[in-house]
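Survey of secondary and tertiary structure
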Amino acid sequence: MTTLKAKLQEDLTTAIRARNELASSTLRLTLSAITNQEVAGKEARVLSDEEVLKVIAKEAKKRREAADAFAQGGRPEQAARETAEGEFLDTYLPKQLGEAELDAIVAQAVQEAKAAGAEGPRAMGAVMKIVNPKVAGLAEGGRVAAAVKKHLS
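Attention here is on the structure that accompanies the text. Residue numbers here run from 1 along each chain, matching the order of that chain's written sequence. Where local features are concerned, this predicted model is filtered to residues with pLDDT of at least 70; where side-chain atom pairs are given and counted, the filter is 80 or more; whole-chain, interface and lining totals use all residues. As a convention, hydrogens and water are excluded, and side-chain values are obtained from all of the structure's heavy atoms.

Moving on, we get to helix α2 (residues 21–39). In a regular helix each residue adds 1.5 Å, so 19 residues correspond to 27 Å; α2 covers 27 Å between its end C-alpha atoms and thus fits that length. Taken together, the buried positions of α2 are Ala 23, Ser 24, Ser 25, Thr 26, Leu 27, Thr 30, Leu 31, Ala 33, Ile 34 and Glu 38. N or O atoms closer than or at 3.5 Å make up a polar contact, with two conditions inside protein: a donor-capable atom paired with an acceptor-capable one, and, for residues adjacent in sequence, both atoms drawn from side chains. Helix and strand definitions here come from DSSP, where helices need a minimum of 4 consecutive H or I residues and strands a minimum of 2 consecutive E residues; each element is numbered from the N-terminal end. N-cap assignment for α2: the residue whose side-chain oxygen lies 3.4 Å from the backbone N of Leu 22 is Asn 20. What a helix is expected to span follows from its residue count: subtract one and scale by 1.5 Å. The buried label applies to any residue whose accessible area, calculated with a 1.4 Å probe on protein chains only, is under 20% of its type's maximum; exposed applies above 50%, and partly exposed to all values in between.

Moving on: helix α7 (residues 141–152). Compared with the 16 Å implied by 1.5 Å per residue over 12 residues, the 16 Å span of α7 between its first and last C-alpha is a close match. The set of residues buried in α7 consists of Val 144, Ala 145, Ala 147, Val 148 and Leu 152. One face of α7 carries all of its buried residues, which in axial projection span an arc of 160°. Structural note: α7 exposes Gly 142 and Lys 149 on the side pointing more than 90 degrees away from its buried face. We call two residues in contact whenever any of their non-hydrogen atoms come within 4.5 Å of each other. Among the structural elements, α5 (99–115) and α6 (124–135) are those in contact with the buried residues of α7. Directions pointing from the helix axis toward each C-beta atom define the arc.

Here the focus is the packing of aromatic side chains. Given two aromatic rings, their pairing is described by the distance between the two centres and the angle made by the two planes. A pair of aromatic rings is counted whenever rings of Phe, Tyr or Trp (Trp by its six-membered ring) have centres within 6.5 Å, and the orientation is called stacked for planes under 30 degrees apart, edge-to-face for over 60 and tilted otherwise. Considering all chains together, one arrives at one aromatic pair under this definition. With a centroid separation of 5.7 Å and an interplanar angle of 75°, the aromatic rings of Phe 88 and Tyr 92 are classed as edge-to-face. In this pair, the class of Phe 88 matches that of Tyr 92, namely buried.

Time to look at the packing of helix α3 (residues 49–72) against helix α4 (residues 76–90). Closest axis-to-axis distance for the α3/α4 pair is 8 Å, and the angle between their directions is 160°. As judged from the angle between their axes, α3 and α4 are roughly antiparallel. The handedness of the crossing between α3 and α4 comes out as left-handed. Between α3 and α4, the contacting residues are Ile 56, Glu 59, Ala 60, Arg 63, Arg 64, Ala 66, Ala 67, Phe 70 and Ala 71 on the first element and Gln 78, Ala 79, Glu 82, Thr 83, Glu 85, Gly 86, Leu 89 and Asp 90 on the second. By residue class, the composition of the contact of α3 with α4 is eight nonpolar, three polar and six charged. Only C-alpha atoms enter the line fits that serve as axes; for helices the fit covers just the stretch in contact. Angles between N-to-C directions range over 0 to 180 degrees. An angle below 35 degrees is treated as roughly parallel, one above 145 as roughly antiparallel, one from 65 to 115 as roughly perpendicular, and anything else as oblique. Left-handed describes a crossing whose near helix is turned anticlockwise from the far helix by less than a right angle; the clockwise case is right-handed. Residue polarity follows a fixed list, in which Ala, Val, Leu, Ile, Met, Phe, Trp, Tyr, Cys and Pro are nonpolar, Asp, Glu, Lys and Arg are charged, and the others, Gly among them, are polar.

All right, on to the side chain of Thr 26 then. Here Thr 26 shows up in helix α2. Polar side-chain contacts of Thr 26 include one of 2.7 Å to the backbone oxygen of Leu 22. Those residues in contact with Thr 26, other than ones at most four positions away along the chain, are Arg 63, Glu 85, Phe 88 and Leu 89.

Right, let's talk about the pattern of salt bridges for a bit. Any Lys or Arg side-chain nitrogen found within 4 Å of a carboxyl oxygen on Asp or Glu counts as a salt bridge. Inspection of the entire model under this criterion finds 12 salt bridges. Lys 5 is paired through a salt bridge with Glu 38; the nearest N and O atoms lie 2.8 Å apart. On the criterion of sequence distance, the pair formed by Lys 5 in helix α1 (residues 4–17) and Glu 38 in helix α2 is long-range, its members being 33 residues apart. In this structure Lys 5 comes out as buried when scored by relative accessible area, which is 19%. For Glu 38, a relative accessible area of 8% gives the class buried. Here Arg 63 ties to Glu 85 by a salt bridge, and the two come within 2.7 Å at their closest N and O atoms. Remark: Glu 85 occurs in helix α4 and Arg 63 occurs in helix α3; sequence separation between them is 22 residues. Each member of the pair, Arg 63 as well as Glu 85, is classed as buried. Beyond isolated ion pairs, a larger network of salt bridges with shared partners links Glu 21, Glu 59, Lys 62, Arg 63, Arg 81, Glu 82 and Glu 85.

What follows is the structure in structure tokens.
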């Protein structure tokens, strides 16, 4: 069984051979971020596929935020590049939950929290504890928090 990091390295080799500059530079930066995570801390370790997915998601989010910043700063060519890199990284991530699916999960979690005695806006922490394991890697934290706030208000 091949690991996700090995797949990224194979895809990098393929991108270099195909002279695909966007893919090769994006994969290089992502593999560098993965390596930085592996050597962070007191002892070097090998990341699991779940941890590698978290790094890829973090890198994709950075690209989206950078694209927004470049667009607001009047640099559309740089914004387009960052957007393309983010979309390329999204191909390695699991499919994100749709709004309806996320709302259904949050509504169920709100019911569970109310059954446990948590109500109103102060129940946010309790609901997030229930929701986060269910949507890990399938929805961004900001989207989840917004959905929880909407259901609690």
